[in-house]
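Observations on chain architecture
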Amino acid sequence: MGVNVSVVAVDAGNSKTDVALIGEDGTVLSTARGGGFQPPLVGVEAALDVLAGALDEAFAALPGPVGSVGHISACLANADLPVEEAELAEALETRGWGASVQVRNDTFAILRAGVDEPRGVAVVCGAGINCVGMVPDGRTARFPAIGRISGDWGGGAGLAEEALWFAARAEDGRGKPTELARALPGHFGLDSMYALIEALHRGTIPLTRRHELTPVLFATAVAGDPVAAALVERLAQEVVAMASVALTRLGLLEEAPVLLGGSVLAARHPQLNDRITELLAARAPKAVVRVVSEPPVLGAALLGLDVTGAAPEVYRRLRAQYA
């Protein structure tokens, strides 16, 4: 007899993909990690090939030959709109990796990993920002979260961009003085914003390194710089605005978990996270705010169990392995 896989859990981000094969009793049979999932850059089929590599590794690590494969629960970066989720689900189905497929944006994996039932709201702030909510009857709340054209601001990239803007204007006299004008170039060993602007423009410092400036911004805010502190305040208000709207749409303002994830929020900057808790308390007094520490692939697996109708002990066994 072969090994029966009940759920294939996939958490695919821009930089890495995690796969977990879950048995019928909730046991994690095998895991694997692959590269990032970036269909906008490489195309859908090439992106699925990256998933295929991770899946092949996970199946190869099973303690025996494959018997049956049930549900594919894939939480994918760049599946920002429902139409994109549907397109990616169709593409996954053509690969024939499992009996059924459900694709969700990867923010849903973070939310589901942090709650005992599919009920609550999650705000993720990493390179960008996103927010989703869900309730057990299947209703969800979400935002397009594809940048300024969809009304979004925040995340490490947004903070770094704003910090550079204010620092540049402070140095040349168009804006208010701010310590950012010294701290940002100083991070790269440069003595002026002009030097940093030139280095970024000419590629001496790759634009991809701008994310390094986000911790500099927080340190400058903690030191008392009003311009940096205002940017941290703006992000706190943006997080609370997204969470409050999602809670309202789902009728969860009375009481619900609000989970914080992503590198910026997981860093637990007191000036940011404490302010989020304070602001949210005024909008949703009974909301319980916490940072998600569970891995998103667990959330993808739990979403899969929600589809298969697993028994409570299966959920408990699965969670225990990620405790």
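Our structure is the block above this text.
Residues numbered from 1 in each chain as written. Predicted model: local features only at pLDDT ≥ 70, side-chain atom pairs only at ≥ 80, totals over all residues. Heavy atoms only, no water.

**Focus: the sheet that holds strand β6 (residues 120–125)**
Strand order in the open sheet made by the five strands is β8-β7-β6-β9-β10, with mixed pairing throughout. Whereas interior strands pair on both sides, the edge strands pair on one side only; in this sheet they are β8 (140–142) and β10 (288–291). Pairs of neighbouring strands in the sheet enclose a mean axial angle of 15 degrees, with direction left out of account. Note: β6 against strand β7 (residues 129–134), six bridges, orientation antiparallel. For G120, the partnering residue across the bridge sits in β7 and is M134. Across the sheet, helix α9 (residues 226–249) touches β6, β7, β8 and β9 (257–261), and the angle it forms with β7 is around 25 degrees. (Pairing = 2+ DSSP bridges. Helix = DSSP H or I, 4+ residues; strand = E, 2+ residues; numbered from the N terminus. Axes fitted to C-alpha atoms, helices over the stretch in contact; angles between N-to-C directions. Contact = heavy atoms within 4.5 Å.)

**Observations concerning the sheet that holds strand β5 (residues 100–105)**
Spatially, β3-β2-β1-β4-β5 is the arrangement adopted by the five strands of the open sheet, whose pairing is mixed. Each end of this open sheet is capped by a strand with a single partner; those strands are β3 (28–35) and β5. Between one strand and the next, the sheet's axes are offset by a mean angle of 20 degrees, whatever the strand orientation. Bridging between strand β1 (residues 3–12) and strand β4 (residues 66–76) involves eight bridges; their strand directions are parallel. Looking at the pairing, V5 lines up with V69 of β4. Helix-sheet contacts for helix α2 (residues 44–60) involve β1, β2 (16–22), β3 and β4, and the interaxial angle to β3 is about 150 degrees.

**Remarks on the packing of aromatic side chains**
For the structure on display, the rule yields one aromatic pair. Consider the rings of W165 and F166, whose centres lie 4.9 Å apart with planes at 85 degrees: the pair is edge-to-face. W165 sits in the partly exposed class, given a relative accessible area of 45%. When the ring centre of F108 is taken as reference, the NZ or CZ atom of R104 above it lies at 5.1 Å. (Phe/Tyr/Trp six-rings, centres within 6.5 Å; stacked < 30°, edge-to-face > 60°. Buried < 20%, exposed > 50% of the residue type's maximum accessible area, 1.4 Å probe, protein only. Lys NZ or Arg CZ within 6 Å of the ring centre and 35° of its normal.)

**Some remarks on the pattern of salt bridges**
Scanning the entire structure with this criterion turns up 15 salt bridges. Between D18 and K16 there is a salt bridge, and its shortest N-O distance comes to 3.3 Å. The buried category is assigned to D18, whose relative accessible area is 12%. Exposure remark for K16: the relative accessible area of 32% places this residue in the partly exposed category. Across the pair R234 and E162 runs a salt bridge whose closest N-O atoms are separated by 3.5 Å. In this pair, R234 sits in helix α9 while E162 sits in helix α5 (residues 155–172), placing the two residues 72 residues apart along the sequence. Here R234 falls in the partly exposed class, since its relative accessible area comes to 34%. E162 sits in the buried class, given a relative accessible area of 14%. Three or more residues are tied together by salt bridges with common partners; here these are K16, D18 and R33. (Salt bridge = Lys/Arg side-chain N within 4 Å of Asp/Glu carboxyl O.)

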